[in-house]
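What the coordinates show
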Amino acid sequence: MTGQETSAQVETKNIGLRGIVVADSTISRVDGEKGILIYRGYDIAPLAREGTFEEVVHLLLDDDLPKAAELEALRHELAGYRNLPEAAIDTLRTLPKEAATMDVLQAMVPVLAMHDAEPEAAGPEECRRQALGLICRLPLLVAARERLRSGLEVVAARQDLGHAANFLYTLHGEVPDREKAAIMDTILILHADHGFNASTFTARQIASTRAHLHAAVAGALGSLSGALHGGANYRVFRMLREIGSVDKVEEYVTRALDNKERIMGMGHAVYKVTDPRAEILGPMAAALAAKAGRPELYEIAEEVRRVTAVEMRRRKGREIHANVDFFSAIVNAMIDIPPDMFTPVFALGRVAGWCAHYIEERFGGARAKPVLYRPRAEYVGRYCGPEGCAWTPLEKR
Ligand code: COA
């Protein structure tokens, strides 16, 4: 906006709020031009390489990386939330086996609220407590869901394992090796926050109404489930499997683009270069696929990336790059996450960010006074004059 324009003169309609700054935030910074993602001042690359999800939870909720004693205290606190109310597991058992796990998760979060003694947390400290509860219980719900629909018994969480390792343990029923647990940590860390993405904005919008944290997280889960958001990773894997071999990529991509379909995992609303999360997950995917004796899976992905970039340049003069979902699909598959659990796994990382944003929005962390979101739509529907259309009784219409 130039200095002379008023906000009313800037075209803001039907552009998905792209480029429109709606709030201050201290939680994460996304530099779309340079391909940089920062959580509370720290670049994600060393966090993903060296850190644990618990450290990132502390960073997002408590504003800085923990010192050793703080991390120990947080681990202890988190372990205390590693349980599901028996009644919640009973509810899980009643849900249809075929239901999408994102729907199940979205339905179960309010169930957890119903079992919380004080769902209407009054202040940031109570919200932080609820946040830790959700961060711990969402993975337990995903794991329990997967086991129940597979006809297996729910595995009780272990207090002595790290957050990532415990998730894999409750999912698979065996303690993962260090490498698998570290990969899970990286996935969770890379998904933990990402500015005002669609689901986070949903959570913040709900926070602005003063609805409770569980309501905001349930709403955010619904938002994340969409194909253009977190739902892309599962669809990437389906696409790679459907293509089947490198020589079929060109035909697949050109046909999809001819049909005006989107290539999942490609493109981003903010990044104009490769998504920094994909930069980290790409080499991991290559190494893991090679180690698993399935190098072709990665080779197909690379060819999809190449052909899509060439075709988008040729057809629309646009540059397009891989996003986080493109390679996370392969990495998830290589640690035996069932494909339709990829988006739920995305949620297990992002819940930390949703909670941090909820607290910031509701209690005015970055701005003194939180305000209810209330944008305006321009009415372009039927118009019969300033008094409105005349009412016609049903029998005369
Ligand atoms: N495949 C094919 N075409 C794509 C595309 C993709 N992955 N991503 C963008 N485009 C095209 C759109 O069709 C549109 O073309 P048009 O102008 O001729 O209608 C144009 O590029 C702009 O797309 P738009 O959705 O308006 O803006 P964007 O670039 O900001 O889109 C996404 C960002 C993420 C919505 C988009 O890239 C997408 O749908 N990607 C696939 C889904 C995905 O991976 N989502 C996860 C994101 S982390």
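Remember, it's a predicted structure, so these values are computed and weren't measured experimentally.

**Considering the overall build of the protein**
- Helix and strand content of the protein: 16 helices and three strands.
- Computed over C-alpha atoms, the radius of gyration of the protein comes to 22 Å, within 12% of the 21 Å expected from 2.2 N^0.38 for 397 residues, which places it in the range of a compact globule.
- Taken along its principal axes, the extent of the C-alpha atoms in the protein is 70 × 55 × 55 Å.
- Expressed as a percentage of its 397 residues, the buried residues of the protein come to 49%.
- Across the protein, contacts joining residues at least 24 apart in sequence account for 75% of those joining residues at least 6 apart.
- On the protein, roughly 19700 Å² of surface is accessible, and the fraction owed to carbon and sulfur atoms is 51%.

**Re the packing of aromatic side chains**
- For the coordinates displayed, the defined rule picks out five aromatic pairs.
- Here the aromatic rings of Phe201 and Tyr373 are separated by 5.2 Å at their centres, their planes lie at 75 degrees, and the arrangement is edge-to-face. With Phe201 in helix H9 (residues 198–207) and Tyr373 in the segment after helix H16 (342–363), this pair connects stretches of sequence that are 172 residues apart.
- Overall, the relative accessible area of 22% leaves Phe201 in the partly exposed class.
- The exposure class of Tyr373 is buried, given its relative accessible area of 16%.
- Between Arg158 and the ring centre of Tyr169, over which it is positioned, the NZ or CZ distance is 5.5 Å.
- For the cation-ring pair, Arg238 lies above Tyr234, with the distance from its terminal atom to the ring centre recorded as 5.1 Å.

**Points about the pattern of salt bridges**
- Scanning all chains against the criterion turns up 22 salt bridges.
- Residues Asp116 and Arg129 are paired through a salt bridge, measuring 3.7 Å at the closest nitrogen-oxygen approach. Within this pair, whereas Asp116 is found in the loop between helix H5 (101–114) and helix H6 (124–149), its partner Arg129 is found in helix H6, the two being separated by 13 residues in sequence.
- By relative accessible area, Asp116 is classed as buried at 15%.
- Here Glu360 and Arg204 are joined by a salt bridge, their closest N and O atoms 2.7 Å apart. Residue Glu360 is found in helix H16, and its partner Arg204 is found in helix H9; the two are separated by 156 residues along the sequence.

**Some points on the environment of Gly365**
- Tracing the chain through its elements places Gly365 in the segment after H16.
- For the pair Gly365 and Leu47, spaced 318 residues apart in sequence, the C-alpha separation works out to 23 Å.

**So, the site of the ligand**
- Residues in contact with the ligand amount to 21 residues; listed here are only the nearest, Arg18, Arg262, Gly265, Met266 and Lys316.
- For the ligand, an oxygen atom lies 2.9 Å from a polar atom in the side chain of Asn323.
- Coverage of the ligand by the protein amounts to 74% of the 840 Å² it exposes when considered alone.
- Among the residues forming the shell around the ligand, the class breakdown is 10 nonpolar, five polar and six charged.

Definitions and cut-offs
Residues numbered from 1 in each chain as written. Predicted model: local features only at pLDDT ≥ 70, side-chain atom pairs only at ≥ 80, totals over all residues. Heavy atoms only, no water. Helix = DSSP H or I, 4+ residues; strand = E, 2+ residues; numbered from the N terminus. Rg over C-alpha atoms; globule rule 2.2 N^0.38 Å. Buried < 20%, exposed > 50% of the residue type's maximum accessible area, 1.4 Å probe, protein only. Contact = heavy atoms within 4.5 Å. Areas by Shrake-Rupley, 256 points an atom, 1.4 Å probe, with all protein chains shown as cover. Phe/Tyr/Trp six-rings, centres within 6.5 Å; stacked < 30°, edge-to-face > 60°. Lys NZ or Arg CZ within 6 Å of the ring centre and 35° of its normal. Salt bridge = Lys/Arg side-chain N within 4 Å of Asp/Glu carboxyl O. Near = heavy atom within 4 Å. Polar contact = N/O pair within 3.5 Å; in protein donor to acceptor, adjacent residues only side chain to side chain. Nonpolar A, V, L, I, M, F, W, Y, C, P; charged D, E, K, R; others polar.

Scope: geometric values only; no functional claims are made or implied.
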